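Structure assessment
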Amino acid sequence: MNDRIKDITYDSLYKTFEERIAQLKKLPKMREDDSIESTIEKHGFSRRDFMTWAGAMTAMLSLPATFTPLMAEAVKVADRLPIIWLHMAECTGCTESLLRSANPSIDSLIFDYISLEYQETIMTAVGWQAEQNLEHAMEKYKGRYILMVEGGIPVGDTENFLTIGGHGHSGKHTAELASENAAAIFAIGTCSAFGGVQAAAPNPSGAVGLSEVTDKTVINVPGCPPSEKNIVGTLMHYLLYGTLPALDVFNRPKWAYRLRIHDLCERRGRFDAGEFVEHFGDEGAKDGYCLYKVGCKGPYTFNNCGKQKFNQGTSWPVQTGFGCIGCSEPNFWDTMGTVNEPLRDRLYATTFSGLGADATADRIGVGLLTATAVGIAAHAAIAAVKNPKK
Ligand code: FSX
Ligand code: SF4
Ligand code: F3S
């Protein structure tokens, strides 16, 4: 795109966002006594911190820096969008990823500030009262609420393995019902996106991802768990655009899942130089060598972990010295092999029925992926010969 076309496109996008924020402002404020500014200030963040956060979020969504003030404005109206968050079969790590830090980040404060109409982990209501709250929220905000679902959903003969509440509704029933009148639906975490750990072979509970129990479009935000950045970014994207993001073939937003872990990895130079950790704790491990030979699945996994990180941006799996286990890919428990062994010459693309992971974001052919997988294994083997001491 030449610069002039880019400017015109961004100008009109800027106006679209301004109009969207103005529309949202007209909706009733859900938190009369509170504002995001005071929430942030109460936790020791300055206006400058907030604008730094807004700048980083703007860049993460691939928008130019001139959009930063608009991002800050959008956060202020975040309480206008009611959110219903359902828990299905899972470990609650997705919620934990966002909320349970010793020092809350601006992302987690934003999550506190939005209008969470129903969230089982953090709400006080239980039993009948909780069910009533859910029914009430679905009715009151019909067609307006955002549905976020965490966890896999048992279906078929085992549907009742997940039965919740006084009415004894199954998880599938509740998820279907809540999907019916949602303005947008997000599957938060690999369990909700693809079935996750409970769907691993032999999948005794018959768990599936959310998209298999509703015919509505589901945006997948996988990761076990996904980062706080990807969860809040998903929300901010919807706030600003009011439409669904560009998606890859697994319905993951491209702004977050476009590139491979391997493409964003700080150890990539080590990979290219053929410098590999051979055993955990060896000299290479101490020196930050590439973790491919001790099982890193970064070359086959699409996510932005190396850039956005976890725990308020402090670290991510590879930085801690253990490779990526491929947690944002469908069926990774079954298809990514042993966590601390490389896939070697196993043809990764053949583990999926249909498209291979490389075809998702980059739309490269499956054949090329297969060649890449073999090529990576071959590269590691050649490097071992070239660097016998490593
Ligand atoms: Fe799944 Fe989220 Fe992994 Fe856990 O609930 S994506 S098991 S981190 O928490 O759904
Ligand atoms: Fe990083 Fe893993 Fe790729 Fe090595 S194989 S460069 S550790 S992502
Ligand atoms: Fe998961 Fe790999 Fe990121 S294991 S958290 S996708 S580095």
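These remarks concern the structure in this document. (Residues numbered from 1 in each chain as written. Chains lettered and ligands numbered in written order. Predicted model: local features only at pLDDT ≥ 70, side-chain atom pairs only at ≥ 80, totals over all residues. Heavy atoms only, no water.)

**Section: the site of ligand 3**
Taken together, the residues surrounding ligand 3 are Ile 261, Thr 301, Asn 303, Cys 305, Phe 310, Trp 316, Pro 317, Cys 324, Ile 325, Gly 326, Cys 327 and Ser 328. Of the residues that constitute the shell around ligand 3, the class distribution is eight nonpolar, four polar and no charged. (Near = heavy atom within 4 Å. Nonpolar A, V, L, I, M, F, W, Y, C, P; charged D, E, K, R; others polar.)

**Some points on helix H3 (residues 47-60)**
If you check H3, its first and last C-alpha atoms are 20 Å apart, about what 14 residues at 1.5 Å a residue would give, namely 20 Å. Of the positions making up H3, those classed as buried are Phe 50, Trp 53, Ala 54, Met 57, Thr 58 and Met 60. Taken end-on, H3 shows its buried residues confined to a sector of 160°, consistent with a single buried face. Those residues of H3 that are exposed and aimed more than 90 degrees away from the buried face are Arg 48, Thr 52 and Ala 59. On the buried face of H3, the contacting elements are helix H2 (36-42), helix H4 (68-76), helix H6 (106-113), helix H10 (228-241), helix H11 (254-257) and helix H14 (305-308). (Helix = DSSP H or I, 4+ residues; strand = E, 2+ residues; numbered from the N terminus. Expected span 1.5 Å × (residues − 1). Buried < 20%, exposed > 50% of the residue type's maximum accessible area, 1.4 Å probe, protein only. Arc of directions from axis to C-beta. Contact = heavy atoms within 4.5 Å.)

**Structural notes on the pairing of strand S3 (residues 146-150)**
Burial within S3 is extensive, with five of its five residues counted as buried. The two faces of S3 match: Ile 146, Met 148 and Glu 150 on one face and Leu 147 and Val 149 on the other face are all buried. Where strand S1 (residues 82-87) meets S3, five bridges bridge the pair, whose relative direction is parallel. In the strand pairing of S3, Trp 85 is matched with Met 148. The pairing of S3 with strand S7 (residues 184-188) spans five bridges and is classified as parallel. From the neighbouring strand, Leu 147 faces S7, where its bridge partner is Ile 185. (Pairing = 2+ DSSP bridges.)

**Here we look at the pattern of salt bridges**
Where charged atoms of side chains with opposite charge meet at close range, the side chains can pair. A full pass over the atoms with the stated rule returns 16 salt bridges. A salt bridge links Glu 180 to Lys 216, with the nearest nitrogen and oxygen atoms 3.8 Å apart. Here the residue Glu 180 occupies a position in helix H8 (residues 171-180), and Lys 216 occupies one in the loop between strand S8 (207-208) and strand S9 (219-221), the gap between them amounting to 36 residues. Residue classification places Glu 180 among the partly exposed positions, given a relative accessible area of 48%. (Salt bridge = Lys/Arg side-chain N within 4 Å of Asp/Glu carboxyl O.)

By themselves, these are just geometric observations and shouldn't be taken as functional.
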